[in-house]
Amino acid sequence: MRFGFIFSEVAQGLRRNIAMVISIILVTFISLTFVGTASLLQLQIGQMKNYWYDRAQVAIYLCTDISPEATCPRGEASEDVKIQVQERLASATLAPFIEEFYFEDHEQAFANFQEQFAGNAVAQYVKAEQLNETYWVNLFDPNQSQIITESFTGLAGVEEVRDQRSYLDQIFNILNIASLAAISVALLMLVSSVLLISTTIRLSAFSRRRELGIMRLVGASNFSIQLPFILEGVVAAFIGSLLSAGAVLGLVVFFVQGFLAERLPFTSFVSLSDGMLVVPLLIAAGVVLAAAASGLAIRRYLKI
Amino acid sequence: MISVQSVTKKYKGTPRPALDQVSLEIEKGDFVFLVGASGSGKSSLMRLMLREDVPNSGSVHVLGENLVGLPARRVPFFRRKLGVVFQDFRLLPNKTVAQNVAFSLEVIGKSQGFIQEAVPDVLGLVGLGEKADRLPSELSGGEQQRVALARAIVNKPAILLADEPTGNLDPTTSEGIMALIDSINLAGTTVVMATHDRSIVDKMQRRVVELSAGQIIRDQATGSYGVRS
Ligand SMILES: Nc1ncnc2c1ncn2[C@@H]1O[C@H](COP(=O)(O)OP(=O)(O)OP(=O)(O)O)[C@@H](O)[C@H]1O
Ligand SMILES: [Mg+2]
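Residues numbered from 1 in each chain as written. Chains lettered and ligands numbered in written order. Predicted model: local features only at pLDDT ≥ 70, side-chain atom pairs only at ≥ 80, totals over all residues. Heavy atoms only, no water.

- Chain B has the name Cell division ATP-binding protein FtsE in an unreviewed UniProt entry, where freshwater metagenome is given as its organism.
- According to UniProt, the comment filed for chain B under the heading Subcellular location (unreviewed entry) is "Cell membrane". (UniProt positions renumbered as here; feature names shortened; annotations may be inferred.)

- Taking an unreviewed UniProt entry as the reference, chain A is identified by name as Cell division protein FtsX belonging to freshwater metagenome.
- Annotation of chain A in UniProt includes, under Subcellular location (unreviewed entry), the sentence "Cell membrane".
- Entered under Sequence similarities (unreviewed entry) in the UniProt record, the comment concerning chain A runs "Belongs to the ABC-4 integral membrane protein family. FtsX subfamily."

This is the structure in structure tokens:
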């Protein structure tokens, strides 16, 4: 069949069902925007994980006078404790895993605390000796924090060993749940757009049943009978996916780069090139889903 | 050309078969009238020849194709070798006469060049050369059936199946249509035509196959419509 003929058939079908076509465009637009946002959120989580996990340290908190009795029966950690910790960190068993470690005393901890909580009321009440003296440990592989935890937990004079990643994991969990929620919404919307496409295609076929009857009578091939309908769904979904691609890129440029990145300068955010990575995915998803939905719809319609 | 052997066709939910052990041979160039009371199975038989349906048992061969075993994807290519017209014309109301004929060529992938030549030719042949740009609603019933005939023969089919082509037309108009179908037959096309029109059958004196309750009760080389009941 000639291209021009198919094109005019498709255009006619789109015009005849304009309201339904617009609703397909809108529903695919919104559902794919959710898909795109969820994918970007995943990319963002990945980037932040890379960035923060690499910088995550293991903290060995030493006892202070106000530490709980149960873990620190002897109060403030003595010089002996510090020597013991230091020796163990430098020992042949642990040294190969440790990139570097350093000691933070009460005064440095106090200075850091004042900086971090500047302007907060708590900064005025806290005293230097209430803050833990700490050994900060950077591992070659942050995944192996267990080695430090196991060898220092329970040591006399050590209040607690803490992997900073445990805080990060909580944040990432929240972000993950958000992106899962976006994906669930996206899936529901995709289901409804698939149903909408197949209904529209069936309506379109119904309104052209005379043509279909004649086409079958004169021996038009199944392919050429079905193609205009499939293209109809694909064109509508394609427009919707272009809109969603625009929305996703807009989100990256104006919200992430223009707003978030300016306010949180020390965090790395998804960039336009990450957004560009998502765009072909959205368009492919829209086109493939629409082709499958309308293909199935028209095949089932023609069987009856 | 057309060979129907011991065909039985039973529709779901009906007690008696629409066609009951029907056998029929039609040669190249034949002109065959299918007659019989309403519901005797004429349309059912033609639907089998067009492979719109398959029989429950028996075989149907048309133009060398075994229609019972013909895979669905090859059915369209088989149908291109046939022309069909019906009582209700089946034209597209929003397309002109010429576009209606062109449409049937476009959907089977004929080139624009072929279409531009074949359409005026065939419209001239059926006597509608002047009315190529009219819409079907601006034509009389007889003229609409001429358009349908033009569409059926434009692809030079070996067989023309006509199911009550004059069923909606007055006697004079019917005669014109029959003259046209006759000339199509004289040009070499095999014609199978179902009809209730006694005067046409009597006048044409062609082969007559009479069906009754799904069975062939008469097959005459040159015959009339049958006894008045
Ligand atoms: N699609 C169908 N489903 C069920 N029964 C059908 C179907 N088509 C036809 N029949 C039945 O098969 C029988 C033969 O019908 P058919 O249409 O072949 O008759 P016909 O000879 O063409 O009649 P007419 O002269 O009125 O056109 C009838 O009893 C009819 O009710
Ligand atoms: Mg009939």
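This is not the end of the story, as more comes after the structure.
### A closer look at the UniProt feature "domain: FtsX extracellular" (unreviewed entry) in chain A
Working step 1: Under the present numbering, the feature "domain: FtsX extracellular" (unreviewed entry) in UniProt falls on residues 57–161 of chain A.
Working step 2: Annotated as residues 57–161 of chain A, this span is 33% helix and 21% strand, and its ends, taken at the C-alpha atoms, are 11 Å apart. (Helix = DSSP H or I, 4+ residues; strand = E, 2+ residues; numbered from the N terminus.)

### Structural notes on the sheet that holds strand E5 (residues 65–66) of chain B
Residue and element names in this part refer to chain B.
Working step 1: The antiparallel open sheet is built from four strands, whose spatial order is E2-E1-E4-E5. Pairing within the sheet leaves two strands with one partner each, and these edge strands are strand E2 (19–26) and E5.
Working step 2: Taken together, the five bridges between strand E1 (residues 2–9) and E2 define a ladder with antiparallel strand orientation. Bridged to Val-4 within E2 is Leu-24. (Pairing = 2+ DSSP bridges.)

### Structural notes on the state of the cysteines
All names here are of chain A.
Working step 1: Under the criterion given, the structure shown has one disulfide over all chains.
Working step 2: Two residues, Cys-63 and Cys-72, share a disulfide whose sulfurs are 1.8 Å apart. As the torsion about the S-S bond is roughly -75°, the Cys-63-Cys-72 disulfide counts as left-handed. In this pair, the class of Cys-63 matches that of Cys-72, namely buried. (Disulfide = S-S within 2.5 Å. Buried < 20%, exposed > 50% of the residue type's maximum accessible area, 1.4 Å probe, protein only.)

### A few points about the UniProt feature "transmembrane region" (unreviewed entry) in chain A
Working step 1: When the UniProt feature table is mapped onto this chain numbering, "transmembrane region" (unreviewed entry) sits at residues 21–45, 177–206, 227–256 and 276–298 of chain A.
Working step 2: Annotated as 100% helix and 0% strand, the span residues 276–298 of chain A places its first and last C-alpha atoms 33 Å apart.

### Some thoughts on the domain arrangement of chain A
Working step 1: Domain annotation for chain A reports domain 1 (3–53 + 169–299) and domain 2 (57–163).
Working step 2: With centres defined by C-alpha atoms, the gap from domain 1 of chain A to domain 2 of chain A works out at 52 Å. (Domains from an automatic or database assignment.)

### Let's talk about empty space enclosed by the protein
Working step 1: Tallying each qualifying case throughout the model produces two cavities of 30 Å³ or more.
Working step 2: Taken as a whole, the largest cavity holds about 140 Å³ of empty space.
Working step 3: Elements that contribute at least two residues to the lining of the largest cavity include exactly helix H8 (209–218) of chain A together with strand E6 (82–86), helix H3 (97–106) and helix H5 (141–153) of chain B.
Working step 4: Broken down by element, the lining of the largest cavity gets its largest block of residues, three residues, from E6 of chain B.
Working step 5: Residues that form the lining of the largest cavity fall into these classes: eight nonpolar, three polar and three charged.
Working step 6: In this structure, the second largest cavity is lined by Thr-28, Leu-32, Leu-190, Ser-193, Val-194, Ile-197, Ala-237, Gly-286, Leu-289 and Ala-290 of chain A.
Working step 7: At the level of elements, helix H2 (18–55), helix H7 (165–207) and helix H10 (272–303) of chain A are the ones that each hand at least two residues to the lining of the second largest cavity.
Working step 8: Class assignment for the residues of the lining of the second largest cavity results in seven nonpolar, three polar and no charged. (1 Å grid on protein atoms, 1.4 Å probe; cavity = no way out; pocket = protein on both sides within 12 Å on 5 of 7 lines; lining within 4 Å. Points joined across faces, edges and corners; volume = space filled by probe spheres on them. Nonpolar A, V, L, I, M, F, W, Y, C, P; charged D, E, K, R; others polar.)

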